[in-house]
Amino acid sequence: MSAPSVLIAGCGDVGSRLAKQLVAGGWEVHGLRRDVSRLPEGVIGVAGDLFKEDCPETWPVGAVDYLVYCAAATDHDEAGYRAAYVQGLQNVLSWLDDYGQTPDRLIFVSSSSVYGQQEGEWVDENSETVASGYSGRLMLEAEQVALKSGIPASILRLTGIYGPGREWLLTQVRRGYRVAVEPPLYGNRIHADDAAGLMAFLLEADRRGEPLQDIYIGVDDAPAPLAEVVAWLRDYLGVTEWADDASVRRTGSKRCSNARAKALGWTPTYPSYREGYAAILEGKC
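Residues numbered from 1 in each chain as written. Predicted model: local features only at pLDDT ≥ 70, side-chain atom pairs only at ≥ 80, totals over all residues. Heavy atoms only, no water.

As annotated in an unreviewed UniProt entry, the protein chain carries the name SDR family oxidoreductase and is attributed to Pseudomonas serboccidentalis.

Structure (structure tokens):
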């Protein structure tokens with residue numbers, strides 16, 4: 001039996017983490033990004049720009065069993081998000097069609113920004129999507145492109161990704177970051193390795209013939225009040241003073257549930273911020 005092939009369109013940080021896991025599992029992995037020299041060892045480079053209509057010259061000519069679309073916006077404005085998530089996906093689908101390739105499944109990486117709940121509500125895959133910002137609205141539009149593509153699709157709505165190189169909160173805490181305690185401002189997060197691991201888990205499940213749902217949320221086991229996370233990090237880092245210009249976040253929040261992914265058998269390596277941030281600070285990930 002030949003190795004399954006996957007094309008990771010937008011093979012950046014999380015995509016490369018996924019690629020490493022799949023290569024180790026015997027998959028044939030194609031990674032599409034502008035600079036293929038930065039791809040992990042064992043990944044077949046596809047040098048191209050998702051934002052342009054021209055198909056990459058190194059597009060794979062054989063079967064593409066799976067497609068993972070995990071692009072990142074270059075410009076964080078409405079035009080940038082449309083280019084990255086709507087037009088980019090449409091381009092990839094067009095290139096597949098040009099080569100007569102129909103993957104067994106498409107995994108589209110979306111965001112929990114599609115949920116606009118602000119009162120600390122628990123949110124799952126059946127919750128109303130009430131996105132108010134352009135990012136959430138465009139993610140919902142891109143999700144529909146994926147679901148109506150003619151390819152069996154699963155949407156993975158990731159929450160706040162953290163990990164090595166994604167250390168904004170750590171930097172802010174070291175500077176004396178403050179956050180409102182009441183009402184609780186919940187943070188939903190997932191370690192970058194777990195985000196990649198959940199994608200790999202879904203791919204392997206589909207490969208085994210297990211039925212997948214249309215939508216999954218990628219989040220750890222323990223959404224927590226941001227004030228609690230900041231207090232724990234301050235103690236762990238030994239930060240004892242507040243900066244004069246420290247930020248005070250007072251926006252609303254929600255709590256995202258990973259029950260559907262866990263019911264399928266997925267378990268995060270870093271079930272809460274404690275394990276994840278400790279691993280980062282101790283150089284274990």
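## Quick word on helix H3 (residues 134-147)
For H3, with 14 residues, the first-to-last C-alpha span of 20 Å sits near the 20 Å given by 1.5 Å per residue. For H3, the full list of buried residues reads Gly136, Leu138, Met139, Ala142, Glu143, Val145 and Ala146. Those residues of H3 hidden inside the fold are in contact with helix H2 (78-98), strand S5 (105-111) and strand S7 (153-158). (Helix = DSSP H or I, 4+ residues; strand = E, 2+ residues; numbered from the N terminus. Expected span 1.5 Å × (residues − 1). Buried < 20%, exposed > 50% of the residue type's maximum accessible area, 1.4 Å probe, protein only. Contact = heavy atoms within 4.5 Å.)

## Some points on the side chain of Asn91
Within the fold, Asn91 resides in helix H2. The exposure class of Asn91 is buried, given its relative accessible area of 11%. Beyond its immediate chain neighbours, meaning those up to four positions away, Asn91 contacts Leu50, Phe51, Lys52 and Glu53.

## Comments concerning the packing of helix H1 (residues 13-24) against helix H5 (residues 192-207)
Interaxial distance between H1 and H5 falls to 8 Å at its minimum, and their mutual angle equals 50 degrees. The angle between H1 and H5 places the two elements in the oblique class. Relative to H5, H1 is oriented so that their crossing is right-handed. Two secondary-structure elements touch here, H1 through Asp13, Val14, Arg17, Leu18, Gln21 and Leu22 and H5 through Ala192, Asp193, Ala195, Ala196, Gly197, Met199, Ala200 and Leu203. Residues belonging to the contact of H1 with H5 are distributed by class as follows: nine nonpolar, two polar and three charged. (Axes fitted to C-alpha atoms, helices over the stretch in contact; angles between N-to-C directions. Parallel < 35°, antiparallel > 145°, perpendicular 65-115°, else oblique. Left-handed = near helix turned anticlockwise from the far one by under 90°. Nonpolar A, V, L, I, M, F, W, Y, C, P; charged D, E, K, R; others polar.)

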